[in-house]
Amino acid sequence: MHFMEVVANRFSCKKYDGSRPVEPEKLRAVLEAGRLAPTAKNLQEQHVYVVQSPEELAKIDSVTPCRYGAPTCLVVTYDKNHVFTYPGGQRDSGVEDAAIVATHMLLASANAGLDSCWVNFFDPEKVKEALALSESEEVVMILDLGYGAAGTKPLANHASRKPLSETVSYR
Ligand SMILES: Cc1cc2nc3c(=O)[nH]c(=O)nc-3n(C[C@H](O)[C@H](O)[C@H](O)COP(=O)(O)O)c2cc1C
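Q: Tell me about the pattern of salt bridges, residues and numbers included.
A: Opposite charge on two side chains permits pairing when their charged atoms draw close. With the rule as written, the count across this model stands at 6 salt bridges. Its salt-bridge partner being Glu 32, residue Arg 35 comes within 2.8 Å of it at the nearest N-O pair. Of this pair, Arg 35 and Glu 32 both sit in helix α2 (residues 24-35), 3 residues apart, which is roughly one turn of the helix. Relative accessible area serves as the criterion here: at 52%, Arg 35 is assigned to the exposed category. Given the relative accessible area of 26%, Glu 32 is considered partly exposed.

Put into structure tokens, the structure is as follows:
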């Protein structure tokens, strides 16, 4: 698929076929796309947890209603002790870097023919506790991965994007 087709065809999948696992080679391609993502000062402070066992997936279900039966969840975190602090001292690269890694993986999933959903509907502290993450790790997002259940289609809002004239200005 061409890049713009991948971008246009990706949608947030909210019902998965739990009996159809993600093939290891596809998962590997998704993780590799995340690995190749740029990060500020190339710090690579992200970490990706691949959650697939029934016990660990149950922990995801205990912190969010948005797994939707996905057989794989990628939990993307960053180490807050290894971020780049921008001039002014008020902002750092942690969330951005992890979000870029996650976006690479989101698009690589679509490219591999997988369905996915970016999930943020959770209390990050509860995720940290459920997955026994270290104190310095911040949870940025969970990426549901799998194959949509039969008949799963994009929600109506997928086709509803503002025109460039509303979101872009030339100066
Ligand atoms: C930052 C972010 C957080 C999101 N969090 C959730 C979520 O917690 N649960 C969910 O079902 N969808 C979530 N979504 C999916 C959005 O609702 C979805 O991307 C949006 O409605 C557009 O639909 P589309 O992805 O099908 O084009 C999130 C998307 C983004 C980008």
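Q: Could you give an account of the sheet that holds strand β3 (residues 115-119), naming the residues involved and the relevant values?
A: The antiparallel open sheet is built from 4 strands, whose spatial order is β1-β2-β4-β3. Every other strand in the sheet has two partners, leaving β1 (46-51) and β3 as the edge strands with one partner each. Along the sheet, successive strands turn relative to each other by an average axial angle of 20 degrees, direction set aside. By the bridge criterion, 8 bridges tie strand β2 (residues 72-79) to strand β4 (residues 137-146) in an arrangement that is antiparallel. Bridging from a neighbouring strand, Thr 72 pairs with Leu 145 of β4.

Q: Residues and numbers for a nonpolar patch on the surface, please.
A: A surface patch of nonpolar side chains, amounting to about 320 Å² of accessible area, comprises Phe 3, Met 4 and Val 7. Mapped onto the secondary structure, Phe 3 falls in helix α1 (residues 3-9).

Q: Account for the site of the ligand, naming residues and giving values.
A: Surrounding the ligand, one finds 14 residues, the nearest of these being Ser 12, Tyr 68, Phe 121, His 158 and Arg 161. A distance of 3.0 Å separates a nitrogen atom of the ligand from a polar atom in the backbone of Trp 118. In this structure, Arg 161 approaches the ligand through a side-chain N or O atom, which is 2.8 Å from an oxygen atom. In isolation the ligand exposes 620 Å². Once the protein is present, 68% of that is buried. Residue composition of the shell around the ligand, by class: 7 nonpolar, 4 polar and 3 charged.

Q: Got a sec to walk through helix α4 (residues 94-111)? Specific residues and values, please.
A: In this model, α4 (18 residues) spans 26 Å end to end at C-alpha, consistent with the 26 Å of a helix rising 1.5 Å per residue. In this structure, the buried residues of α4 make contact with α1, α2, β1, β2, β3 and β4.

Q: Could you give me a rundown of the environment of Met 141, with the residues and numbers involved?
A: Looking at where Met 141 falls in the secondary structure, it is placed in strand β4. Overall, Met 141 belongs to the buried group, its relative accessible area being 0%. Separated by 17 residues in the primary sequence, Met 141 and Pro 124 have C-alpha atoms spaced 8.6 Å apart.

Q: Can you break down the nonpolar core residue by residue, with the values?
A: General note: in soluble globular proteins, nonpolar side chains tend to be found buried as a group. In this structure, Val 30, Leu 74, Met 105, Leu 114, Leu 143 and Leu 145 are the most contacted members of the largest nonpolar core, which totals 22 residues. Those elements that place two or more of their residues in this core are α2, β2, α4 and β4. Top contributing element to this core by residue count: α4, with 6 residues. Leaving out residues up to four positions away in the same chain, Leu 143 has contacts with Thr 72, Cys 73, Leu 74, Met 105, Leu 106, Ser 109, Ser 116, Cys 117 and Trp 118. In terms of nonpolar packing, the next biggest core, distinct from the first, is built from 19 residues, Phe 11, Tyr 16, Leu 57 and Cys 117 among them.

Calculation criteria
Every chain's residues receive numbers from 1 upward, in the order its sequence appears when written. For this predicted model, a pLDDT threshold of at least 70 governs which residues receive local features, and a threshold of 80 or more governs which side-chain atom pairs are given and counted, while totals over whole chains, interfaces and linings are taken from all residues. Only hydrogens and water are set aside; all other atoms, that is, all heavy atoms of the structure, feed into the side-chain values. The term salt bridge refers to a side-chain nitrogen of Lys or Arg lying within 4 Å of a carboxyl oxygen of Asp or Glu. Each helix is a run of H or I in the DSSP string that is no shorter than four residues. Each strand is a run of E no shorter than two, and both are numbered from the N terminus. Burial status follows relative accessibility: with a 1.4 Å probe on protein chains alone, a residue under 20% of its type maximum counts as buried, one over 50% as exposed, and anything between as partly exposed. The pairing criterion is simple: DSSP has to find at least two bridges between the two strands. Orientation is described by axes fitted as lines to C-alpha atoms, over the contacting stretch for helices, and by angles from 0 to 180 degrees between their N-to-C directions. What goes into a patch is any residue over 30% in relative accessible area without a salt bridge, connected to like charges within 9 Å or, for nonpolar side chains (Val, Leu, Ile, Met, Phe, Trp, Tyr), within 5 Å. The Shrake-Rupley method, run with a 1.4 Å probe sphere, supplies the accessible areas, and residue values consider only the shown protein chains as cover. A cutoff of 4 Å decides nearness: a residue is near a molecule or strand if any of its heavy atoms lies inside that distance of it. Within 3.5 Å is the distance limit for a polar contact, defined as a pair of N or O atoms, with the added protein rule that one can donate a hydrogen and the other accept it, and that residues adjacent in sequence qualify only through two side-chain atoms. Polar here means any residue outside two lists: the nonpolar Ala, Val, Leu, Ile, Met, Phe, Trp, Tyr, Cys and Pro, and the charged Asp, Glu, Lys and Arg; Gly therefore counts as polar. Take the number of residues in a helix, subtract one, and multiply by 1.5 Å to get its expected span. When checking whether two residues touch, look at their non-hydrogen atoms; a contact exists if any pair is within 4.5 Å. In this text, buried Ala, Val, Leu, Ile, Met, Phe, Trp, Tyr and Cys residues form a nonpolar core when linked through side-chain atoms within 4.5 Å.

What is shown is where atoms sit, not what they do.
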